[in-house]
Amino acid sequence: MAVDRLLPTDEARDLIGLTRDVADKVLAPLVDEHEKAETYPEGVFATLGEAGLLSLPYPEEWGGGGQPYEVYLQVLEEIAARWAAVAVAVSVHSLSCHPLMAFGTEEQKQRWLPEMLGGATVGAYSLSEPQAGSDAAALACKATAVDGGYRVHGSKAWITHGGIADFYNLFARTGEGSKGISCFLVPRDTPGLSFGKPEEKMGLHAVPTTSAHYDDAFVPDERRVGTEGQGLQIAFSALDSGRLGIAAVAVGLAQAALDEAVAYAQERTAFGRKIIDHQGLGFLLADMAAAVDSARATYIDAARRRDAGLPYSRNASVAKLVATDAAMKVTTDAVQVLGGYGYTRDFRVERYMREAKITQIFEGTNQIQRLVISRYLAG
Ligand SMILES: Cc1cc2nc3c(=O)[nH]c(=O)nc-3n(C[C@H](O)[C@H](O)[C@H](O)COP(=O)(O)OP(=O)(O)OC[C@H]3O[C@@H](n4cnc5c(N)ncnc54)[C@H](O)[C@@H]3O)c2cc1C
């Protein structure tokens, strides 16, 4: 059932309508085939770009959609309800445009931003390393200053869209400690940059996640974003926004699972009545609905603070924590509602449950979100 959204403008309502149309006509017919075959849906990103859905929260003067974050996130939620892997990739693309938008020079923005925001080039974000995930400040990939730029050595891990994306936000060490990390915008065809084979994941099969290896790769000065040593600040600033994207994806997944569970419970009978009419199951569905609605409220609240120019980092962590835990619980309960059928690949709830798990892990695990929130509480 379509979510009855309270949207701020007519334009936002049109955008949600457009997204549902694209989701129904373009995403829905492809999702099962690509998730099963673990193949990348060529052309889907181009379609989303042409529909203007890849750069909604960025200013129009740079080719963005000029939409409030609150609206962008609800569009993302609609995409996730159809195809979580594609929604995650859209969210990561949006995240990977943030460093240049927020910290790039005018010249850098003019050169690269319009093609990034127009969807002509797709982005990836590479902060994690094999030995440094939650503890990002411990990253080891090294960028050594040389004449005209940097020579990069080292490996990055877990890159969503790895090997497919056209440009990579690379966070690499240019000095010591947490203030010794810098941010670079690296094109895929950089000599010395190669990618590992796609990880064999529990879910999100249609979008590859790979490692990247830098072997004496030269990155010119003009591709450093922000000042030397500003990298971690840039990385975390992008993650505040990105976490809200993951919260929205989680709500989309949870909503899809709830919808499937309700539809099934209205059809299936046991002990002479529809299973939804057994109070034990009706209440389970009611709790699922309450979890979805309240999770949505947390990300919309954080997004409104962002749109108003208020601090929202703590709220983004709350939204990510609440929404992704809700997605895990609701998708697991949806499998329960479908009984044995829910445990098979004939029904989508099985996929939703697998996909929900990653939302509790990436862009800061939920332990890390609790760390962020508790640090705010501790002042
Ligand atoms: C499918 C997928 C896609 C991804 N996409 C990207 C991407 O595009 N770009 C990117 O940079 N990264 C990406 N990641 C990496 C992801 O962000 C990391 O996996 C995540 O940050 C956790 O890091 P880790 O796996 O090294 O776990 P670790 O940091 O080793 O953590 C292991 C466990 O210890 C816990 N833990 C760690 N520190 C603390 C602490 N201080 N207090 C309490 N508990 C703690 C963690 O919560 C976790 O449960 C992706 C990962 C996956 C699986």
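Model, not experiment: these values are computed from the prediction. (Residues numbered from 1 in each chain as written. Predicted model: local features only at pLDDT ≥ 70, side-chain atom pairs only at ≥ 80, totals over all residues. Heavy atoms only, no water.)

**Student:** I tried to follow the domain arrangement of the protein on my own but got confused; where do I start?
**Tutor:** Frequently, the measure chosen for interface size is the accessible area that the parts lose on association. Segmenting the protein into domains produces domain 1 (10-117), domain 2 (123-232) and domain 3 (239-377). Summarising the inter-unit geometry, the C-alpha centres of domain 1 and domain 2 are found 22 Å apart. With 26 residues of domain 1 at the interface, the matching set in domain 2 holds 21 residues. Where domain 1 abuts domain 2, roughly 2000 Å² becomes buried across the two surfaces, and 67% of that area is made up of carbon and sulfur atoms. Of all residues in domain 1, Tyr40, Ser96 and Trp112 give up the largest surface area on contact with domain 2, accounting jointly for 25% of the area buried on that side. Counting the contacts that link domain 1 with domain 2 gives one salt bridge. With a closest N to O distance of 3.3 Å, Glu222 and Arg111 form a salt bridge. (Domains from an automatic or database assignment. Contact = heavy atoms within 4.5 Å. Buried area = accessible area lost by both parts, 1.4 Å probe. Salt bridge = Lys/Arg side-chain N within 4 Å of Asp/Glu carboxyl O.)

**Student:** Help me out: how do you make sense of the site of the ligand in this one?
**Tutor:** Around the ligand, the structure places 17 residues, and the nearest of them are Tyr125, Ser128, Ser134, Trp158 and Thr365. In the environment of the ligand, a nitrogen atom lies 2.8 Å from a nitrogen or oxygen atom belonging to the side chain of Thr160. Note that an oxygen atom of the ligand is positioned 2.8 Å from one of the side-chain N or O atoms of Gln367. When the ligand sits alone it has 990 Å² of accessible area, and the protein chains cover 64% of it. Contributing elements (two or more residues each) for the shell around the ligand: strand E1 (123-126) and strand E3 (149-160). A total of three residues in the shell around the ligand trace back to one element, the largest contributor, which is E3. Classifying every residue of the shell around the ligand by side-chain character gives seven nonpolar, eight polar and two charged. Three or more residues apiece are contributed to the shell around the ligand by two domains, here domain 2 (123-232) and domain 3 (239-377). (Near = heavy atom within 4 Å. Polar contact = N/O pair within 3.5 Å; in protein donor to acceptor, adjacent residues only side chain to side chain. Areas by Shrake-Rupley, 256 points an atom, 1.4 Å probe, with all protein chains shown as cover. Helix = DSSP H or I, 4+ residues; strand = E, 2+ residues; numbered from the N terminus. Nonpolar A, V, L, I, M, F, W, Y, C, P; charged D, E, K, R; others polar.)

**Student:** Honestly, the pattern of salt bridges in this entry has me stumped. Any pointers?
**Tutor:** When the charged atoms of two side chains with opposite charge come close together, those side chains can pair. Counted by the stated rule, this structure contains 19 salt bridges. Ionic pairing is found between Glu78 and Arg20, a salt bridge with its closest N-O pair at 2.8 Å. One end of the pair, Glu78, is in helix H3 (residues 69-82); the other, Arg20, is in helix H1 (residues 10-37), and 58 residues separate them in sequence. A relative accessible area of 10% means that Glu78 is categorised as buried. Between Asp333 and Lys329 there is a salt bridge, with its nearest N and O atoms 2.7 Å apart. One end of the pair is Asp333 and the other is Lys329, both in helix H8 (residues 313-337) and four residues apart, which spans about a single turn. Linked through salt bridges whose partners overlap, the residues forming this network are Arg5, Arg20, Glu77, Glu78, Asp293 and Arg296. (Buried < 20%, exposed > 50% of the residue type's maximum accessible area, 1.4 Å probe, protein only.)

**Student:** Sorry if this is basic, but what is going on with the pairing of strand E5 (residues 181-187) here?
**Tutor:** The side chains of a regular strand alternate, residue by residue, between the two faces of the sheet. In terms of burial, E5 is largely enclosed, as seven of its seven residues are buried. By the alternation rule, side chains of E5 split into Ile181, Cys183, Leu185 and Pro187 and Ser182, Phe184 and Val186, which are all buried. Relative to E5, strand E4 (residues 167-173) is paired through seven bridges, and the arrangement is antiparallel. Looking across to E5, one finds that Tyr168 is bridged to Val186. (Pairing = 2+ DSSP bridges.)

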